[in-house]
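Geometric and topological summary
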Amino acid sequence: MKLKKLKSLLCAALALTMVLALTACGSSGSNSTSASDVVDANVTSASDAAEAAGLTTINEGKLTISMSADFPPYESLDDSGNIVGIEVDIMNLIAEQLGLELQIDDMDFDSALLAVQQGKSDMVVSGVSITDERKATMNFTDSYTTAVQVIVVPEGSDVTLDNLGDQLIGTQRGTTGFIYTEDDYGSDHVIGYDTYTLVIQAVLNGQVDCAVLDDSVARAYVAENPGLMILDTEYAVESYAFGVDKTNTALLDAVNAALSALIADGTVDEIISRYISD
Ligand code: ARG
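Residues numbered from 1 in each chain as written. Predicted model: local features only at pLDDT ≥ 70, side-chain atom pairs only at ≥ 80, totals over all residues. Heavy atoms only, no water.

Section: the pairing of strand β13 (residues 236–240)
Where a strand is regular, its side chains alternate between the two sheet faces. How we decide: Only protein chains enter the area calculation, which uses a 1.4 Å probe; residues under 20% of their type maximum are buried, those over 50% are exposed, and those in between are partly exposed. Comment: elements are numbered from the N terminus, with helices defined as DSSP H or I runs of at least four residues and strands as E runs of at least two. Any two strands between which DSSP finds at least two bridges are classified as paired.
Across the two faces of β13 the burial differs, with Ala 236, Glu 238 and Tyr 240 buried and Val 237 and Ser 239 not buried at all. Summarising the sheet, strand β8 (residues 145–154) and β13 pair through five bridges and their orientation is antiparallel. Bridge pairing links Gln 149 to Ala 236 in β13.

Remarks on the sheet that holds strand β6 (residues 123–124)
For the record, the criterion: The contact criterion used throughout is that any non-hydrogen atoms of two residues lie within 4.5 Å. Axis geometry follows a simple rule: fit a line to the C-alpha atoms, using only the stretch in contact for helices, then measure angles between N-to-C directions, giving values from 0 to 180 degrees.
With respect to topology, five strands assemble into an open sheet ordered β5-β1-β6-β14-β7, the strand pairing being mixed. Strands at the two margins of the open sheet, each flanked by one partner only, are β5 (101–106) and β7 (139–140). Direction of pairing for strand β1 (residues 62–67) relative to β6: parallel, over a ladder of two bridges. Of the residues in β6, the one forming a bridge with Ser 66 is Val 124. Of the strands in this sheet, β1, β5 and β6 are in contact with helix α4 (residues 86–98), which crosses β5 at around 145°.

Thoughts on the packing of α4 against helix α10 (residues 249–264)
As a reminder, the rule being used: An angle below 35 degrees is treated as roughly parallel, one above 145 as roughly antiparallel, one from 65 to 115 as roughly perpendicular, and anything else as oblique. Crossing handedness follows the turn of the near helix against the far one: under a right angle anticlockwise gives a left-handed crossing, and clockwise gives a right-handed one. Here the term charged refers only to Asp, Glu, Lys and Arg, the term nonpolar to Ala, Val, Leu, Ile, Met, Phe, Trp, Tyr, Cys and Pro, and the term polar to all other amino acids, Gly among them.
Relative to each other, α4 and α10 sit at 120°, their axes nearing to 10 Å. One way to sum up the angle between α4 and α10 is to call them oblique. For the element pair α4 and α10, the recorded crossing hand is right-handed. Contacts from Ile 90, Leu 93, Ile 94, Gln 97 and Leu 98 in α4 reach Leu 251, Ala 254, Val 255, Ala 258, Leu 259 and Leu 262 in α10. When the residues that make up the contact of α4 with α10 are grouped by side-chain class, the tally is 10 nonpolar, one polar and no charged.

Observations regarding empty space enclosed by the protein
Quick note on the threshold: With a 1 Å grid laid over protein atoms only, a set of points is called a cavity when a 1.4 Å probe fits there but cannot get out and a pocket when it is open yet has protein on both sides within 12 Å along at least five of seven lines; lining residues have an atom within 4 Å of a point. Grid points are joined across faces, edges and corners, and a volume is the space filled by probe spheres set on the points.
Evaluation of the coordinates by the stated rule reveals one cavity of 30 Å³ or more. Put simply, the largest cavity is a space of about 90 Å³. Surrounding the largest cavity, 16 residues form its lining, Phe 71, Phe 109, Ser 126, Gly 127 and Thr 175 being those nearest its centre.

Remarks on the sheet that holds strand β2 (residues 70–71)
The antiparallel open sheet is built from three strands, whose spatial order is β2-β3-β4. Every interior strand has two partners, whereas the edge strands, β2 and β4 (83–84), have only one. In this structure, β2 lies alongside strand β3 (residues 75–77), joined through two bridges in antiparallel fashion. Along β3, the bridge assignment pairs Asp 70 with Ser 76.

Some remarks on the site of the ligand
Put simply, the test is: Being near a molecule or strand, for a residue, means having at least one of its heavy atoms within 4 Å of it. Here a polar contact means two N or O atoms within 3.5 Å. Within protein one must be a hydrogen donor candidate and the other an acceptor candidate, and residues neighboring in sequence count only if both atoms are side-chain atoms. Shrake-Rupley sampling with a 1.4 Å probe provides the accessible areas, and residues are treated as covered by the protein chains on show and by no other component.
The immediate surroundings of the ligand are formed by 17 residues, with Ser 126, Arg 134, Gln 172, Thr 176 and Asp 214 found nearest. In the model, a nitrogen atom of the ligand is placed 2.9 Å from a nitrogen or oxygen of the Ser 68 main chain. One nitrogen or oxygen atom from the side chain of Glu 75 is found 3.4 Å from a nitrogen atom belonging to the ligand. For the ligand, whose unbound accessible area comes to 350 Å², protein coverage reaches 100%. Going through the elements one at a time, β2 and β13 are the ones with two or more residues in the shell around the ligand. Looking at the shell around the ligand residue by residue, the classes come out as five nonpolar, seven polar and five charged.

A word on helix α11 (residues 267–275)
Inclusion rule: Working definition: the arc comes from the directions between the helix axis and the C-beta atoms, pointing outward to the latter.
For α11, every residue scored as buried is listed here: Thr 267, Val 268, Ile 271 and Ile 272. An end-on view of α11 places all buried positions within 135° of arc, on one side of the element. Opposite its buried face, α11 presents the exposed residues Asp 269 and Arg 274, each directed more than 90 degrees away. Check the buried side of α11 and you find it contacts α4, β8 and α10.

Following this line, the structure appears as structure tokens:
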């Protein structure tokens, strides 16, 4: 009797394992992306390649990245809800080269930074500017582009870089724009929002006098929202890189190798110029 019970328990467990294995096999589709067909076709040999390269990630066979998809043209949601943009295209190519399936987790920027520090993502990919403070909590890849923090105002506003300290400034919480303006002008002058969509709305509604954010992203929002303009002055100049789990230096090296090849052969520039015309 006891043995029978044990047997049926074992059978149930075995059946469950098989179902789980099947489900896992079926879920190889990636979040969005042009390169996903290629990734899917190569998924078996690809994860063998990752194994051969000695890469361990938080979810086996996957490259899990955290991002805040409110940052066009680097990452944003298209009309069908897919995450698209410069960094998505770059990461699809890198994941493919590493033999890993790209898994994108969308969240607010603060949480995206935290995720990589807490081992909940392998990388934070979110237009992250390299800073010394952040270097203490994550490893940065090589930088692949630069950006400038600029000031967005309603048309006709008299805000300037010189009188910024007298204004109420909207920023995304946790960003360099947020940190620098708080440091420079005090927290009474700065409101941190979860997303840039909310920051821009606040400027449009007059809840804040201006916003501080990254130049290409500012241009994308201003193009979509009549009545706003960008001041012709630079508040800060920065370099973007990907933040990698500090405990995973093998991943850092592998991503850097793939990234530097994509920079060297012009692919990164080609991707950027597809989204940004200057
Ligand atoms: N470059 C700025 C920073 O590193 C802003 C990045 C915000 N990224 C985003 N996807 N919302 O702090």
